Structure formats: C-alpha cells, structure tokens
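The primary structure of each chain is shown beneath.
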Amino acid sequence: MIYRLRLTVAYVLLALVALALLPLVFIRPMHRNNMGDICIAAFEVFKRYWGITLDVEHPERLEPKQATVIIANHQSNEDLFFCMRLIRKGTVAMAKWELVYIPFIGAVFLLAGNIMVKREQRDKAKQALEKSAKKMTDKNLSLVIFPEGTRNYGKPLPFKLGAFKLAIEAQAPIQPVAFAWHSKTLNYNRFKSGVLKANCMEPISTQGLTLDDAPELARRCQKLIEEETNRLTKLAPGYDGSLG
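Figured I'd write up the structure that's included with this text. (Residues numbered from 1 in each chain as written. Predicted model: local features only at pLDDT ≥ 70, side-chain atom pairs only at ≥ 80, totals over all residues. Heavy atoms only, no water.)

1. Re the sheet that holds strand β7 (residues 194-200)
Two pairing modes exist for strands in a sheet, parallel and antiparallel, and in both the strands are linked by backbone hydrogen bonds.
Part 1: The sheet built from seven strands is open, its strands ordered β1-β7-β6-β2-β5-β3-β4 with mixed pairing. In the strand order of this sheet, the two ends are held by β1 (52-57) and β4 (115-117), each with one partner. On average, each strand axis in the sheet is tilted by 25° relative to the strand beside it, whichever way the strands run.
Part 2: Relative to strand β6 (residues 174-179), strand β2 (residues 69-72) runs parallel, the two being bridged by four bridges. Within β6, the residue paired with V69 across the bridge is I174.
Part 3: Lying over the sheet, helix α8 (residues 214-235) contacts β1, β2, β6 and β7, oriented at roughly 30° with respect to β6. (Pairing = 2+ DSSP bridges. Helix = DSSP H or I, 4+ residues; strand = E, 2+ residues; numbered from the N terminus. Axes fitted to C-alpha atoms, helices over the stretch in contact; angles between N-to-C directions. Contact = heavy atoms within 4.5 Å.)

2. Some words on a nonpolar patch on the surface
Part 1: Taken together, the side chains of V12, L16, L19 and F104 define a hydrophobic patch exposed on the protein surface, amounting to about 360 Å² of accessible area.
Part 2: Among the structural elements, L19 can be located in helix α1 (residues 2-27).
Part 3: Taking relative accessible area as the criterion, L19 reaches 38% and is therefore assigned partly exposed. (Patch = residues over 30% accessible without salt bridge, like charges linked within 9 Å, V, L, I, M, F, W, Y side chains within 5 Å. Areas by Shrake-Rupley, 256 points an atom, 1.4 Å probe, with all protein chains shown as cover. Salt bridge = Lys/Arg side-chain N within 4 Å of Asp/Glu carboxyl O. Buried < 20%, exposed > 50% of the residue type's maximum accessible area, 1.4 Å probe, protein only.)

3. Looking at the pairing of β6
Part 1: Counting buried residues along β6, six of its six residues qualify, which places the element largely inside the surrounding structure.
Part 2: Burial along β6 is two-sided: I174, P176 and A178 and Q175, V177 and F179, pointing in opposite directions, are all buried.
Part 3: For β6 and β7, the ladder comprises three bridges, and the chain directions are antiparallel. Considered in β7, the bridge of A178 is made with N199.

4. Regarding the pairing of β2
Part 1: Judged by which residues are buried, β2 turns out to be covered on both faces: V69 and I71 on one side and I70 and A72 on the other are all buried.
Part 2: Of the pairings in the sheet, the one linking β2 to strand β5 (residues 142-145) comprises three bridges and is parallel in character. Paired with I71 across the two strands is I145, which belongs to β5.

5. Focus: the layout of surface pockets
Part 1: The volume enclosed by the largest pocket comes to roughly 950 Å³.
Part 2: For the largest pocket, the lining is made up of 34 residues, of which L80, A95, L99, F109 and F146 are closest to its centre.
Part 3: Listed by contribution, the elements that provide at least two residues to the lining of the largest pocket are α1, α2 (34-50), α3 (79-82), β3 (91-96), α4 (105-111) and β5.
Part 4: No other element matches the five residues that α1 contributes to the lining of the largest pocket.
Part 5: Among the residues making up the lining of the largest pocket, the classes are represented as 24 nonpolar, five polar and five charged. (1 Å grid on protein atoms, 1.4 Å probe; cavity = no way out; pocket = protein on both sides within 12 Å on 5 of 7 lines; lining within 4 Å. Points joined across faces, edges and corners; volume = space filled by probe spheres on them. Nonpolar A, V, L, I, M, F, W, Y, C, P; charged D, E, K, R; others polar.)

6. Re the nonpolar core
Part 1: With 77 residues, the main nonpolar core has W50, I71, F164 and F179 as its most contacted residues.
Part 2: Element by element, the count of residues in this core is highest for α1, at nine residues.
Part 3: If we ignore the near neighbours within four places in the chain, the residues touching F179 are L54, A72, N73, Q75, C83, L86, L196, K197, A198, T229 and L232. (Core = buried A, V, L, I, M, F, W, Y, C linked by side-chain atoms within 4.5 Å.)

7. Topic: the packing of aromatic side chains
Part 1: Inspection of the entire model under this criterion finds eight aromatic pairs.
Part 2: Taken together, a centroid distance of 5.3 Å and an interplanar angle of 85° make the contact between Y49 and W50 edge-to-face. Take Y49 and W50: they sit in the same class, and that class is buried.
Part 3: Connected via pairs of aromatic rings, a cluster forms that spans Y3, Y11, F46, Y49, W50, F81, F82 and Y188.
Part 4: Against the face of Y49 rests R6, its NZ or CZ located 5.6 Å from the ring centre. (Phe/Tyr/Trp six-rings, centres within 6.5 Å; stacked < 30°, edge-to-face > 60°. Lys NZ or Arg CZ within 6 Å of the ring centre and 35° of its normal.)

8. Examining unusual backbone geometry
Peptide bonds are mostly trans, and most non-glycine residues show a negative phi.
Part 1: Of note in this structure, F104 is not a glycine but carries a positive phi near 65°.
Part 2: As for its placement among the helices and strands, F104 is situated in the loop between β3 and α4.

9. Some details on the side chain of N33
Part 1: By the element assignment, N33 lies in the loop between α1 and α2.
Part 2: If sequence neighbours within four positions are ignored, N33 has contacts with R28, K89 and G90.

10. Observations concerning empty space enclosed by the protein
Part 1: For the coordinates displayed, the defined rule picks out three cavities of 30 Å³ or more.
Part 2: What lines the largest cavity is simply N73, E148, N152, P156, F159, W181, Q222, E226 and T229.
Part 3: Classifying every residue of the lining of the largest cavity by side-chain character gives three nonpolar, four polar and two charged.

By themselves, these observations are geometric and do not establish any function.
Put into structure tokens, the structure is as follows:
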C-alpha cells in the first residue's frame, strides 16, 4: 500500500518537474544537451524522494567521446526515475510514441530531442532505427535503450535486436549497464529505500560487424548484464538473500 502510494505521488511529482522544465525545451527545442540537463536536475529530486543512494561503478563511461548505444536491464516502474542517471549531456533516449500523450511529460520528452518509435508499425520502426543511426553519427549523440522492450519484473526477458542493429549500422560501441535487482535490494516502504548498485561495464565494439551478427551480439550482452546484475545484487547492503 505504501509503495503504490509513493509510486503514484512520484508520477505526479514527475509531471510537475516536467512542467517546470518546459521553458528549457521551448527555448532550445531538440538541443543535443536538453535531456542531459533535464535528467541531472530531475535525478536530484527523485533520489531524495525515493531515499536511494546510487552507487555506480565506472560512471565516466557514461560520457563517451563518440556516439554510443547505452543498454540496461528494464526491471520495473522505478527505472524511469533511477535510469535518469544514465543520461548525460549529448545523450538521448528511445521510447514508444505513446509517451507523447502524457501531460507535460510527453511534451518535454519530445522537445528534448528524444527518439520516439511507433513499435506496432514495423516499417516505420525500421525507418526510425535508420534515422536514429544517422542522427547519432551526424550529431555525435549517444542513445539509451532498454533492449528487453518492457519491464521484466525480476525475470529477465530476451533482448530484442533493435538496439544491436542500430549500433552496428552506426558502427557505434555498445555500453552495457547493469543495475542490481531493485526487488531484492530496496525497500520502498521505508523513507530511505536503500543503496542501488550499478556498473557501467567495458564498452563492446561493433566495428566490422554486420546486421547478421546482431543476434549473437544481443545474446552476449544479455548474458553479461544478467551475470553482473546478480553480482551487484549480492554486494548490495540491503540484499535479501533470495538469489540462492
């Protein structure tokens, strides 16, 4: 009950933060640094609201000198608040088009320069990936994607190939990021929910790869992230011991 209440209030707070940040995206729509500036400010609000300490290994890898595809495991509703930490200046995110219709949040997300995809229309989704690759290389932009495509709620899902095809097409490295399992390390019924551990692992080059290599690349990244997620979970101070 407390968790559901906190989550509801968090979304209301997110809408208010978005409303406050609307002038920024109106003044400089689609600017490459919009999302970084927004997330830096918003994360300060939400880490205090949720009472979390985010312990990130190798955070410098989130500020690459070249365009990079950043991938992470998509665990739950709270990812929206915690994964803001992944987005720095020169980084945007890919999300489903329906997000545009959420009051204030959708307008900020669109005008911040993020890439919106209509997933049910495969032809358009494919075109969006091709345009994304060109946008990344032309503007030296990095892109955050959750390759599972939806929340896994503690049970890893197969990685979809879009992120990996995009990285290969742009010949951009992949930056895998793993977060410890929220459900096994955080307690949202407390004002201070706990410590969330994350690791930005070694970037993976896509130089010389073709689209035929995407399935194997996806499997490799999924294995790395799943193993690292479990390792980080066991190291977290609030770990409940349920991994075995």
